[in-house]
Amino acid sequence: MSTFAELGLSEKSLLALTRAGFEHPTPIQARAIPPALEGKDVIGTAATGTGKTAAFLLPIIERLAGKPGTRALVLAPTRELALQIGEELERFGKGRHVRGAVVIGGVGMGNQERAFREKIEVIIATPGRLVDHLQKGTAKLDLIEVLVLDEADRMLDMGFKPQLTKILQRLPKVRQTLLFSATTAGEVGEFATSHLKAPVRVEVARSGTTAERADQRVFLCAQEEKSPLLLTLLAEDDLSTLVFTRTKRRADRVAKSVERAGHKVARIHADRSQGQRKMALDGFKDGRYRVLVATDIAARGIDVADIGHVVNFDLPHVPEDYVHRVGRTARASASGKASAFCAPEEIDLLRAIERLTRVLLPRAEVPREAEVFKTEHARADEGRQHQGVPPHRRPGGGGAGTGRSARAGGGHGGPKSGGGARGGWKGRRRPA
């Protein structure tokens, strides 16, 4: 189907789409909207950035227009994704009397309790905060007609299955359920079998398919080479860059390194307040920050039109997360770059990603410039570490007055020595 008019949407929805600048449905919209409008359960498999938010919001608006009470529940794994869905609902639901309320952690519960009391038509929630309201008795879900599980694979990966079970127990047995996920294998498939009834399956890309226009590459490097390599890649162009790390502490360290190199940078992770996370994301969207360093909470909730470069500073433990990370670039008709840094201890993670995506990711040579950055930053770090300490008291000082560095004697596996960095690729066979 090449037009929204062919999907069975009302004139009011078509007008809202026109106002929003939507000209033609994406494949997931074209295939998921018709059965959703018919009230059928749907399992949608699609990569990030394919337009699935509109694929479930438009049928919800059509179904709920003019109906009082909280009738639809949308569950999302992260605060950022929930806020993004809320913004889309506001855009499409204007003039249809279909309001939405975002129920997430990190903010006060007062406005959320008010939304439940006022029986806002659509609740968009993260599982943990919704369970808080259920336990407190402020959430009433007995009129729910439509349940949406967005990024279901991520919710299960994040350990939300107990919360999802509690929520599902409080919903009417007779309802429509729409489940969207990057993959429907394993636990997601079992969950769908248990909770959906005769679902229509819509798969617009093979499970594990990454963004087609993303230019992907893998750098095989030691852990200590990652920061210099990132700075080298940032120096090659001026593209907006989203950097994914595995831990919160790592995100903080990488952000500081990037900032010291003169780049405007922000960070998002679970220890940042909701206000800090929103400020970072807004600043990245409007160009105040060129670089955003994030843990995987951002992989499913960043709606930025033209991220030029996604860097997997650390490979994810869950292969599907790689698909979502790469999906942040090359969205819609744009193109982009996706770089992954693979240390020797991460090679099994790389192989798991390649099994999922069914693609051997191209290997790239670590640029020589990265060695320059590595040396400069090692010296800068040493200077900061030993600031105010007399030379003869520093490690490797060689005694008062000598100023002899341990590096000068080699034998510690530095970049100029034959030993190679500990845990690095030197002296080892790099996998093809």
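In this numbering scheme, every chain counts its residues from 1 along its sequence in written order. In view of the model being predicted, local features appear only for residues whose pLDDT reaches at least 70, and side-chain atom pairs are presented and counted only at 80 or more, with totals across whole chains, interfaces and linings using the full set of residues. Note: side-chain values were computed over all heavy atoms of the structure, leaving out hydrogens and water.

Let us now look at the pattern of salt bridges. Any Lys or Arg side-chain nitrogen located within 4 Å of an Asp or Glu carboxyl oxygen qualifies as a salt bridge. Enumeration according to the criterion identifies 25 salt bridges in this entry. Close ionic contact of Glu145 with Lys67 constitutes a salt bridge, the shortest N to O distance being 3.0 Å. Of the two residues, Glu145 is situated in the loop between α6 (127-136) and β5 (146-149) and Lys67 in the loop between α3 (52-64) and β2 (72-75); the sequence distance between them amounts to 78 residues. Since its relative accessible area comes to 12%, Glu145 is described here as buried. Only protein chains enter the accessibility calculation, which uses a 1.4 Å probe; a residue is then buried when its area is under 20% of its type maximum, exposed when over 50%, and partly exposed in between. Residue Lys67 is classed as partly exposed on the basis of its relative accessible area, which comes to 32%. As a salt-bridge pair, Asp271 and Lys248 come within 3.3 Å of each other at their nearest N and O atoms. One end of the pair, Asp271, is in the loop between β10 (265-268) and α12 (274-285); the other, Lys248, is in helix α11 (residues 248-260), with 23 residues separating them in the sequence. The class for Asp271 is exposed, based on a relative accessible area of 56%. Looking at Lys248, the relative accessible area reads 35%, which means it is partly exposed. A cluster of three or more residues bridged by salt bridges with shared partners is formed by Lys226, Arg246, Arg250, Asp314 and Glu346. Numbered from the N terminus, helices here are DSSP runs of H or I no shorter than four residues, and strands are runs of E no shorter than two.

Here we come to the confidence of the model for the protein chain. Any region with low pLDDT has predicted coordinates that should not be read closely. Across the protein chain, the average pLDDT comes to 83, with 78% of residues at or above 70. In predicted models, pLDDT denotes the confidence assigned by the predictor to each residue on a 0 to 100 scale. The contact rule is simple, with two residues in contact once any of their heavy atoms fall within 4.5 Å. Note on residues 330-334: pLDDT under 50 across the span, and 16 contacts to partners over four residues away in sequence or across chains. Taken together, the stretch residues 394-423 has pLDDT below 50 and engages in 30 contacts with residues farther than four places along the chain or on a different chain.

A word on the nonpolar core. Counting 38 residues, the largest nonpolar core has Phe56, Ile60 and Val122 as its most contacted members. Sort the elements by how many residues they give to this core and α3 lands first, with eight residues. Sequence-distant contacts of Ile60, that is, excluding residues within four places in its chain, are made with Ala72, Val74, Val122, Val146 and Val148. With 31 residues, the next largest nonpolar core counts Ile43, Leu73, Ile120 and Leu171 among its residues. Among buried residues, those of type Ala, Val, Leu, Ile, Met, Phe, Trp, Tyr and Cys that are joined through side-chain atoms within 4.5 Å constitute a nonpolar core.

Another point: α11. Every α-helical turn comprises 3.6 residues, leaving residues that sit three or four positions apart pointing alike. Here α11 spans 19 Å end to end across 13 residues, near enough to the 18 Å set by a 1.5 Å rise per residue. Those residues of α11 not exposed but buried are Arg250, Ala251, Val254, Ala255, Ser257 and Val258. The buried residues of α11 occupy an angular sector of 160 degrees when projected down its axis, which confines them to one face. In α11, the exposed residues that point more than 90 degrees away from the buried face are Arg249, Lys256 and Glu259. For α11, the capping residue at the N-terminal end is Thr247, with a side-chain oxygen 3.1 Å from the backbone nitrogen of Arg250. Under the convention used throughout, the expected extent of a helix is 1.5 Å for every residue step, that is, one less than its residue count. This arc corresponds to the set of directions leading from the helix axis out to the C-beta atoms. Throughout this description, a polar contact denotes any pair of N or O atoms lying within 3.5 Å of each other; where both atoms belong to protein, one of them has to be capable of donating a hydrogen while the other can accept it, and for residues adjacent in sequence the pair is counted only when both atoms sit in side chains.

Now for the sheet that holds β2. Strand pairing is assigned whenever DSSP identifies at least 2 bridges connecting the two strands. One open sheet accounts for seven strands, arranged β3-β4-β2-β5-β6-β1-β7; its pairing is parallel. Taken across any chain shown, the strands that pair with only one partner, and hence form the sheet edges, are β3 (100-103) and β7 (200-203). When strand polarity is set aside, the average angle formed by the axes of neighbouring strands in this sheet is 15 degrees. Relative to strand β4 (residues 122-125), β3 runs parallel, the two sharing four bridges. Axis definition: a line fitted to C-alpha atoms, over the contacting stretch in the case of helices. Angles run 0 to 180 degrees between N-to-C directions.

Now for the state of the cysteines. Cysteine sulfur atoms are paired as a disulfide whenever they come within 2.5 Å of each other. The final tally for this structure, using the stated rule, is zero disulfides. Not engaged in a disulfide, the cysteine Cys342 finds its nearest cysteine sulfur in Cys221; these two sulfurs lie 7.6 Å apart.

Spatial strand order, β10-β11-β9-β12-β13-β8-β14: seven strands in an open sheet with parallel pairing. Two strands lie at the open edges of the sheet, namely β10 and β14 (363-364), each paired on one side alone. Sheet topology places strand β8 (residues 214-220) next to strand β13 (residues 336-342); seven bridges connect them, and they run parallel. Paired with Leu220 across the bridge in β13 is Cys342. In the packing of helix α10 (residues 226-236) onto the sheet, contacts are made with β8, β9 (241-244), β11 (291-294), β12 (309-312) and β13, and the angle to β13 comes to roughly 165 degrees. Contacting β9, β10 and β11, α12 runs over the sheet at an angle of about 135 degrees to β10.

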